[in-house]
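Observations on the three-dimensional arrangement
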Amino acid sequence: MASDGQILIDTKIDTSGIEEGMKSLEGEMKQSTSSIGEIGKDLGEQLADGIESGLGDVSSSVNNRLSEMSGAMINAGNTMTDSITRPLIDIGGRMIESAAEMNAMSSQFSQVFGTMEGEASASLSKIADDTNIVEERLKGSYTAIASFAKTTGMETEDAMELSNRALAAVADSAAFYDRSIEETAESLQSFLKGNYENDAALGLSATEFTRNEKAMELYGKKFNELSEAQKQLTLLQMVEDANALSGALGQAARESETWSNVTGNLSQEFDNLLGVLGQSLLPIVTPIVEFITDVLTGFSELDPSIQNLILIIGGVVAALGPLLTIAGSVISIISTLSPLISGLSLS
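Attention in this report is confined to the structure presented alongside it. (Residues numbered from 1 in each chain as written. Predicted model: local features only at pLDDT ≥ 70, side-chain atom pairs only at ≥ 80, totals over all residues. Heavy atoms only, no water.)

**Some remarks on the packing of helix α6 (residues 181–192) against helix α8 (residues 228–246)**
Here is the rule: The convention used is that axes are lines fitted to C-alpha atoms, helices contributing only their stretch in contact, and that angles between N-to-C directions extend from 0 to 180 degrees. Helix and strand assignments follow DSSP, with helices taken as H or I runs no shorter than four residues and strands as E runs no shorter than two, numbered in order from the N terminus. Small angles under 35 degrees read as roughly parallel and large ones over 145 as roughly antiparallel, with 65 to 115 read as roughly perpendicular and the rest as oblique. Any two residues whose heavy atoms approach within 4.5 Å at even a single point are treated as in contact. Residue polarity follows a fixed list, in which Ala, Val, Leu, Ile, Met, Phe, Trp, Tyr, Cys and Pro are nonpolar, Asp, Glu, Lys and Arg are charged, and the others, Gly among them, are polar.
Between α6 and α8, the least distance of the axes is 9 Å, while the angle of their chain directions is 135 degrees. In terms of their interaxial angle, α6 and α8 are classed as oblique. Side by side, α6 and α8 meet where Leu188, Phe191 and Leu192 of the first sit next to Gln232, Leu235, Leu236 and Val239 of the second. Within the contact of α6 with α8, the residues separate by chemical class into 6 nonpolar, 1 polar and no charged.

Here it is, written out as structure tokens:
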């Protein structure tokens, strides 16, 4: 733990499983190669002798070697599938997904705040610093609240100010009531849209009487007479007042190093890492996905030979490991049948 009271976490990707899988796979493949070599050696030596009685020995030797090679290939296929193929697919998929989500969030942020994107980014960073919450955990809610505010007629600057206040209230409520940032932000967004049944989750009672009371205080009108923008501001003020009365105001800063916040930040930072790594994969994967999409769209119009080629390539790429297992099983069958074949030949 650092001297300033903050927890420092060194995030690393554990590749030991893949490394062990590679070593195991190498051993399995060496065993398979050795089996094949010994089969060839036995066949060469015994057939060179030209002794008819030796055919039985050849059959027995071949049978044993095929059995060994079958087991080796099955083990190699299983090892490759379980220790290498699946982990790589999982990690690669998460990297691409995180990168895509990161790009989508950035795009939405830019669209909502437009020319004020710089100011909005600075405001969001300040909230994140004040509450010790990773910025990306707040960004989606920050953007969504501002976006909805703009649909009710607010200017971008006013919508940004609403988001600033809303996220500060969310952070305090989440810390005070021991709920996640994400869950509390969702409750507040729903509340601001008029779903008043979420009031208890935010620590207040938003009855018709209390809404009218706050509306009269702020605008001199009943709640239902307010504009949509004014309704949001009234509801947010009710949340802020409830936080002040309950002692929740400023709770996020006071509890910034709680376990739930630290682990939430860790999870987000790991997603951020995957997103950064995935950025290098997106330019490679996206054209491939687009190409496949185009092919699938007109798949029924393609020449049958091309259809078959696509199916074959897709199957091979998706199942390199399982193919080794299947090949090993086939060899096992051959080794089982070889004595029968030899017996028929001798007879």
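After presenting the structure, the write-up continues.
**Examining the packing of aromatic side chains**
The cut-off we apply is this: Side-chain rings of Phe, Tyr and Trp (the six-membered ring for Trp) are treated as a pair once their centres are within 6.5 Å; stacked means planes under 30 degrees apart, edge-to-face means over 60, and tilted covers the remaining angles. Sitting over a ring, as applied to charges here, requires NZ of Lys or CZ of Arg to be within 6 Å of the ring centre and within 35 degrees of the ring normal.
Considering all chains together, one arrives at 6 aromatic pairs under this definition. Relative to tyrosine 142, the ring of phenylalanine 113 has its centre 5.5 Å away and its plane inclined at 35 degrees; by these criteria the two rings are tilted. Note that phenylalanine 113 is positioned in helix α2 (residues 54–113) and tyrosine 142 in helix α4 (residues 135–151), a separation of 29 residues in sequence. With a centroid separation of 6.1 Å and 75 degrees between ring planes, the pair formed by tyrosine 196 and phenylalanine 223 is classed as edge-to-face. Of this pair, tyrosine 196 sits in the loop between α6 and α7 (208–219) while phenylalanine 223 sits in the loop between α7 and α8, and the two are 27 residues apart along the sequence. Lysine 139 extends its terminal NZ or CZ atom over the ring of phenylalanine 109, reaching a point 4.9 Å from the ring centre.

**Examining empty space enclosed by the protein**
Left-over empty space is what a probe sized like a water molecule reveals as it rolls over the atoms. Counted only if it meets this: A cavity here means a set of 1 Å grid points, computed over protein atoms only, where a 1.4 Å probe fits but cannot escape. A pocket is an open set with protein on both sides within 12 Å along at least 5 of 7 lines, and lining residues have an atom within 4 Å of a point. Grid points are joined across faces, edges and corners, and a volume is the space filled by probe spheres set on the points.
Following the criterion strictly, the structure yields 1 cavity of 30 Å³ or more and no others. Considered as a void within the structure, the largest cavity measures approximately 40 Å³ in volume. Of all the secondary-structure elements, those providing two or more residues to the lining of the largest cavity are α4 and α6. A total of 3 residues in the lining of the largest cavity trace back to one element, the largest contributor, which is α4. Taken together, the residues of the lining of the largest cavity break down into 4 nonpolar, 2 polar and 1 charged.

**Description of the side chain of glutamine 251**
Using the following cut-off: In this scheme, a residue with accessible area under 20% of its type's maximum is buried, one over 50% is exposed, and one in between is partly exposed, where area comes from a 1.4 Å probe on protein chains only.
Structurally, the position occupied by glutamine 251 is in helix α9 (residues 251–254). Judged by its relative accessible area of 12%, glutamine 251 falls in the buried class. With near-sequence residues (within four places) excluded, glutamine 251 lies in contact with Asp172, Ala175 and Phe176.

**A word on the layout of surface pockets**
In this structure, the largest pocket occupies an estimated 500 Å³ of space. In this structure, the largest pocket is lined by 24 residues; those nearest its centre are Met105, Glu136, Arg137, Gly140 and Gln268. Secondary structure elements with two or more residues in the lining of the largest pocket: α2, α4, α6 and α10 (259–279). Per-element accounting of the lining of the largest pocket gives the leading share, 10 residues, to α4. Its residues assigned to classes, the lining of the largest pocket shows 6 nonpolar, 10 polar and 8 charged.

**Quick word on a negative patch on the surface**
Cut-off, in case you're wondering: Two distance rules govern patches: like charges are joined within 9 Å, and nonpolar side chains (Val, Leu, Ile, Met, Phe, Trp, Tyr) within 5 Å, applied only to residues with over 30% relative accessible area and no salt bridge. Method for areas: the Shrake-Rupley scheme with a 1.4 Å probe, in which residue coverage is limited to the protein chains shown. Every case where a carboxyl oxygen of Asp or Glu lies within 4 Å of a side-chain nitrogen of Lys or Arg is listed as a salt bridge. Within this scheme the basic residues Lys and Arg register as positive and the acidic residues Asp and Glu register as negative, but His and the chain ends are omitted. Here the site of a charge means NZ on Lys, CZ on Arg, CG on Asp, or CD on Glu.
Together, Glu119, Glu155, Glu157, Asp158 and Glu161 make up a negatively charged patch on the protein surface. For the negative patch, the leading source of residues is helix α5 (residues 156–176), giving 3 residues. As for its placement among the helices and strands, aspartate 158 is situated in helix α5. A relative accessible area of 44% means that aspartate 158 is categorised as partly exposed.

**Details of the side chain of threonine 152**
Positionally, threonine 152 belongs in the loop between α4 and α5. Threonine 152 has contacts with Glu228, Ala229 and Gln232, leaving out every residue within four places of it along the chain.

**Focus on the pattern of salt bridges**
On inspection of all chains with the given rule, the structure shows 7 salt bridges. A salt bridge links glutamate 240 to arginine 165; its shortest N-O distance comes to 2.7 Å. Taken as a pair, glutamate 240 in helix α8 and arginine 165 in helix α5 lie far apart in primary sequence, 75 residues in all. Across the pair glutamate 217 and lysine 214 runs a salt bridge whose closest N-O atoms are separated by 3.1 Å. You can see glutamate 217 and its partner lysine 214 sitting in helix α7, 3 residues apart, about one turn around the helix. Lysine 214 sits in the buried class, given a relative accessible area of 10%.

**Thoughts on the nonpolar core**
A general trend in soluble globular proteins is that nonpolar side chains are found buried together. Note the cut-off: What we call a nonpolar core is a set of buried Ala, Val, Leu, Ile, Met, Phe, Trp, Tyr and Cys residues that are connected through their side-chain atoms within 4.5 Å.
Phe113, Leu138, Tyr142, Leu188, Phe191 and Leu204 are the most contacted members of the largest nonpolar core, which totals 42 residues. Elements with a minimum of two residues in this core: α2, α3 (117–131), α4, α5, α6 and α8. Per-element accounting of this core gives the leading share, 9 residues, to α5. With residues up to four places along the chain from it excluded, the contact list for leucine 188 reads Ala166, Val170, Leu202 and Val239.

**Section: the packing of α3 against α5**
Defined as follows: Crossing handedness: left-handed means the near helix sits turned counterclockwise from the far one by under a right angle, and right-handed means the same turn made clockwise.
Where α3 meets α5, the closest approach of the two axes is 11 Å, and the angle between their N-to-C directions is 15 degrees. With respect to α5, the element α3 is oriented roughly parallel. Between α3 and α5 the crossing geometry is right-handed. Contacts between α3 and α5 involve Glu119, Ala120, Ser123, Ile127 and Thr131 on the former and, on the latter, Met160, Asn164, Leu167 and Ala171.

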